Each structure stands twice: as C-alpha cells, then as structure tokens.
Amino acid sequence: MTAIPGNAKLGGMAAAPYWLSLALVPLAVFVAMQGGWTILLLPISTWYLFAGLDYVVGLNTKNPDLETDESQLFWYRAITLLWVPVQLCTIFGLMIYVTQTDHLNGFEQWALFAGLGILSGTIGITYAHELMHQKPKIERWMGDILMTSVLYGHFRSEHLLVHHRYVATPRDPVTARYNESFWRFFPRVLKQCLVSAFKAEKAMLARKGLPWHDKSNPFWRYWALQGGFLLLSALIAGWWGVFLFTVQAFWAVFQLELVNYVEHYGLTRKHLGDGKYEHVLPRHSWNSAHRASNWLLINLQRHSDHHYKPDRRFPLLQTYGAEEAPQLPFGYPVMTLTALSPTLWRKVMNPRVQKWREMYYPEITDWTAYRTGGHPMPR
C-alpha cells in the first residue's frame, strides 16, 4: 500500500495540538461550579468546537516519516499516560464536590455526569484504544484502567481478539451492516461484544489447556477494577454516587459505539470461498484527514492505516487518498451527529458505499450475501 507522500515533522511543539484535550478539564470544573446552562459547554466544546475548527483549519494530508526515532514520540505518548490520573481525578473529584454541596439539583448533577461521559468517551476511550495496542505492560494496564472506569473493560478483549481479526466480515459485531441504523446497531453490539469477548478469551485459554476461570483470564482484572470504581463511588455518595458513575459510563460507551458505527459502516472484505476472506486493507475502514478532530482523537480518524498496521503509534499513522481508502465527507464530530438520524445517515453514506463497491469490487454483481451476512463465518 502507498500512503500520501509527505514530510510531516514530529517531536517538540508538533505534539502540542494533541494536548488540547487537557483544556476540557478546567472547563468541566467550571461548569460543575456554575451549573445551569453552562453544563452544555461540555458536549459543545468536546465535539462541536472541534467540528468548527475542522472547517477553519481544513485537512492534513501530510504523513510522518515511519523511520522517526522513538525518542521523538515522547510528548505524544505522555499525553495518553497522563490522561489516566487526570480523568479519574476529574470524575471522582467532581463527584465529591457536587454531592457535598447543594448548588446543583439532581437533574443538573445527572447532566454534568452525562457531559463527563462524553469527555471520558471521546478522549478517555480513544486514549485507552491507543494504549491497549502497545506492547509495554504499563500502557496496556493504563488502557484497562480507562476502559474499566467506564464499565467496559471487556472492550480490550473484543477489540484485539475479535474486531481486528474479523473486521468487515460476518463474525465482527462492530462492523455496522449496510442500511443498519445506529439505533439497531447500539443494543446489538452491547450484547454481542460482551459475549464475543468472553468467548475469545475462553478459547485462548482452552488452547493452552486451561479453564475459563483461570487467573490469567483478563476478565478477572476487568471485574475487579470495575467493582473497585463502583465501590469508590458508593463510599463517596452512596447509591447516588453509583448512579452518577453509571451515567458517566453509559454516555462514554454510547460515544464509543457511535464512533464504531461510523468507522466501518457498509464495508466488507471479499469472500474468497470456503470461509476465507481477503486480508484487511485500507479500503476496509473509512478514512478522514480532518485536522482538528484528529487532534482531539489522536489520529483515530486515520483509521484505514490503523487497521492496516494496528500496532503503529498514533503520531505515525498515515493517511490515504481516495484511490486506496474511502473518505468520510466530514470528521467524526459531524458524522456521529449525522448517525443519530437514520434517514440523514443513509442519504449521506449509502451512495458512498455504492461507489466504494463499484470502485474496489467491480467483479461482484450480487451483494445480497454481503448485505445480509449470508457468507460463512471466517475460519
């Protein structure tokens, strides 16, 4: 595969835009102190500010040098690690504050923690995604902490053992089917991803001759961490604290699955026969080169390259032209908002899926089996 040539510089001040996420923390503190309409500033700033910035600063089609020395990536790695204590202190610090003061009513507290969920879903889960793909154990642990802080620890198992192996095939729950609305996709993946993640870990242990309940099963870690966070919430504010923490977790997961819905909608790998599918290529993920939302999402929108080279660190991810990867018309902030309306989504995306089929697979004339999941499960 050949990405767009470029000579983007890394290191030093080049990493600074990716640290903009930290500015959302004092904003969260401000809205917790003020309450009322100011709570709307959290979702507005998290998503729609960056959508506006995308319009102003445009696309970034330059690619970094893949031979960049690891030492030049320090400040890129640092923000993902620093976010872990920042997120936990923000969630539990604000929980202590709002439940021990009386200036926010119950609805305002719910709205505040829903807004925090958008923050932990947009930034925290995105950073967790980066960390879980890395080899150092400390980074994987940090990823687990972030995912369990939104009660979705099994996402790592599902993502690494199922999604990346089977993306764009009938076995991947997270690949949104053609014409499937987000409102059908969301409850489906909540159930199927948990089941597929547990089965994948159980199968790995079975190949080693171990039972599912062996201590090496990471589900024990997920459950312990999630239970610890719920216990801490209860110690802070009783059942109300547990409720607020769960509200935050729900909206974080909602945000995650909105993004998952966008990333592979309608895309399928070619079935080669007998349960075999072509290898994953950049064409099997929607790509977006929108600059500002890639600052917020640490290049997650260069998703075509991420699936092509899953262990590549985010500052090194490449972008591709339309001849090699399908392009989203806007960045994720606008596309996820569009996904909330099935009619609007199909109007925007279905013609693009049709064009994708004609461009990459002109030899396929009947897409029925791809659309309905009628092909055999991949081996």
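Participant: So what exactly am I meant to see when it comes to the overall build of the protein here?
Facilitator: Within the protein one finds 13 helices and two strands. Over its C-alpha trace the protein gives a radius of gyration of 21 Å, about what one expects of a compact globule, namely 21 Å for 379 residues. For the protein, the spread of C-alpha atoms along the principal axes amounts to about 65 × 55 × 45 Å. Out of the 379 residues in the protein, the part that is buried amounts to 55%. Taking all contacts inside the protein whose residues are at least 6 apart in sequence as the whole, residues at least 24 apart take part in 73%. Accessible surface, the protein as shown: approximately 16,600 Å² in total, 64% of it carbon and sulfur.

Participant: In this structure, what is going on with helix α11 (residues 332–339)? I would like to understand it.
Facilitator: At 3.6 residues per turn, the α-helix brings residues three or four places apart onto the same side. Taking burial as the measure, the eight residues of α11 include six buried ones, the bulk of the element. Next to the buried residues of α11 lie α2 (41–57), α7 (182–207), α8 (218–263), α9 (291–296), α10 (303–308) and α12 (342–360).

Participant: Even after reading the chapter, I still don't get the confidence of the model for the protein, so can you show me in this structure?
Facilitator: Parts of the model with low pLDDT should not have their predicted coordinates read in detail. Predicted confidence across the protein gives a mean pLDDT of 94, with 97% of residues reaching 70 or more. Put simply, helix α13 (residues 368–372) is where the protein has its lowest mean pLDDT, 88, and α8 is where it has its highest, 98.

Participant: Help me understand a nonpolar patch on the surface in this model?
Facilitator: A surface patch of nonpolar side chains, about 740 Å² in accessible area, is lined by W37, L40, I44, Y48, W183, L337 and L340. Along the chain, L340 turns up in the loop between α11 and α12.

Participant: Would you explain the side chain of T90 in this entry?
Facilitator: Looking at the element boundaries, T90 is found in helix α3 (residues 74–100). Setting aside chain neighbours within four positions, we find T90 in contact with V25, A28 and L116.

Participant: Got a minute to help me understand the nonpolar core in this structure?
Facilitator: Across soluble globular proteins, nonpolar side chains have a tendency to be buried as a group. By size, the foremost hydrophobic cluster in this structure holds 91 residues, and its most contacted members are L112, F113 and Y265. When residues in this core are grouped by element, the largest group, 14 residues, is from α8. Ignoring anything within four residues of it in the chain, the contact list for F113 reads I91, L94, M95, V98, L244, V247 and Q248.

Participant: Help me understand unusual backbone geometry, please; the structure alone is not making it clear to me.
Facilitator: Leaving glycine out, the prevailing phi sign among residues is negative, and the prevailing peptide bond configuration is trans. A positive phi angle, close to 55°, is found at D274, a residue other than glycine. Overall, the relative accessible area of 58% leaves D274 in the exposed class. Its identity is not glycine, yet N299 carries a phi of approximately 65°, on the positive side. By the element assignment, N299 lies in the loop between α9 and α10.

Participant: Quick question: what am I supposed to make of the environment of F107 here?
Facilitator: Here F107 shows up in helix α4 (residues 106–132). By relative accessible area, which is 60% here, F107 ends up exposed.

Participant: Got a minute to help me understand α8 in this structure?
Facilitator: End to end, α8 covers just 26 Å across 46 residues, shorter than the expected 68 Å (1.5 Å per residue, more than 12% under). You can read the cap of α8 off the contacts: a side-chain oxygen lies 3.0 Å from the backbone nitrogen of F219, and it is on N217.

Participant: Quick question: what am I supposed to make of the environment of I118 here?
Facilitator: You can see I118 is positioned in helix α4. A C-alpha to C-alpha distance of 19 Å links I118 and L131, two positions 13 residues apart in sequence. The contacts of I118, once residues within four sequence positions are left out, are P43, T46, W47, W251 and Q255.

Participant: When you look at the packing of α2 against α4 in this model, what are you seeing that I'm missing?
Facilitator: Pairs of packed helices are described in terms of their axes, by the angle between the two and the distance that separates them. Running from N to C, α2 and α4 point in directions that differ by 20°, and their axes come no closer than 8 Å. It follows from the interaxial angle that α2 and α4 lie roughly parallel. Crossing geometry of α2 relative to α4 is assigned as left-handed. Facing L42, P43, T46 and W47 of α2, the residues of α4 in contact are L112, G115, L116, I118, L119 and T122. Looking at the contact of α2 with α4 residue by residue, the classes come out as seven nonpolar, three polar and no charged.

Participant: Explain the packing of aromatic side chains to me, please; I cannot follow it from the model alone.
Facilitator: The geometry of two aromatic rings is summed up by the distance between their centres and the angle between their planes. Enumeration over the complete set of coordinates arrives at 39 aromatic pairs. Ring geometry for W83 against Y127: centres 5.9 Å apart, planes inclined by 75°, an arrangement best described as edge-to-face. Taken together, the residues span a long stretch of sequence, with W83 in helix α3 and Y127 in helix α4 at a distance of 44 residues. For the pair W83 and Y127, a shared accessibility class is recorded, and that class is buried. Between W356 and Y360 the ring centres are 6.1 Å apart and the planes differ by 55°, which places this aromatic pair in the tilted class. Taken together, the residues W356 and Y360, both in helix α12 and four residues apart, mark about one turn of the helix. When sorted by exposure, W356 lands in the same class as Y360, which is buried. Three or more aromatic residues link up through ring pairs in this structure, and these residues are Y178, F182, W183, F185, F186, F250, W251, F254, Y261, Y265 and W345. Against the face of Y166 rests R171, its NZ or CZ located 5.1 Å from the ring centre. In this structure, R357 is placed above the aromatic ring of Y178, and the distance from its NZ or CZ to the ring centre is 4.5 Å.

Analysis parameters
Residues numbered from 1 in each chain as written. Predicted model: local features only at pLDDT ≥ 70, side-chain atom pairs only at ≥ 80, totals over all residues. Heavy atoms only, no water. Helix = DSSP H or I, 4+ residues; strand = E, 2+ residues; numbered from the N terminus. Rg over C-alpha atoms; globule rule 2.2 N^0.38 Å. Buried < 20%, exposed > 50% of the residue type's maximum accessible area, 1.4 Å probe, protein only. Contact = heavy atoms within 4.5 Å. Areas by Shrake-Rupley, 256 points an atom, 1.4 Å probe, with all protein chains shown as cover. pLDDT = per-residue confidence, 0-100. Patch = residues over 30% accessible without salt bridge, like charges linked within 9 Å, V, L, I, M, F, W, Y side chains within 5 Å. Salt bridge = Lys/Arg side-chain N within 4 Å of Asp/Glu carboxyl O. Core = buried A, V, L, I, M, F, W, Y, C linked by side-chain atoms within 4.5 Å. Expected span 1.5 Å × (residues − 1). Polar contact = N/O pair within 3.5 Å; in protein donor to acceptor, adjacent residues only side chain to side chain. Axes fitted to C-alpha atoms, helices over the stretch in contact; angles between N-to-C directions. Parallel < 35°, antiparallel > 145°, perpendicular 65-115°, else oblique. Left-handed = near helix turned anticlockwise from the far one by under 90°. Nonpolar A, V, L, I, M, F, W, Y, C, P; charged D, E, K, R; others polar. Phe/Tyr/Trp six-rings, centres within 6.5 Å; stacked < 30°, edge-to-face > 60°. Lys NZ or Arg CZ within 6 Å of the ring centre and 35° of its normal.

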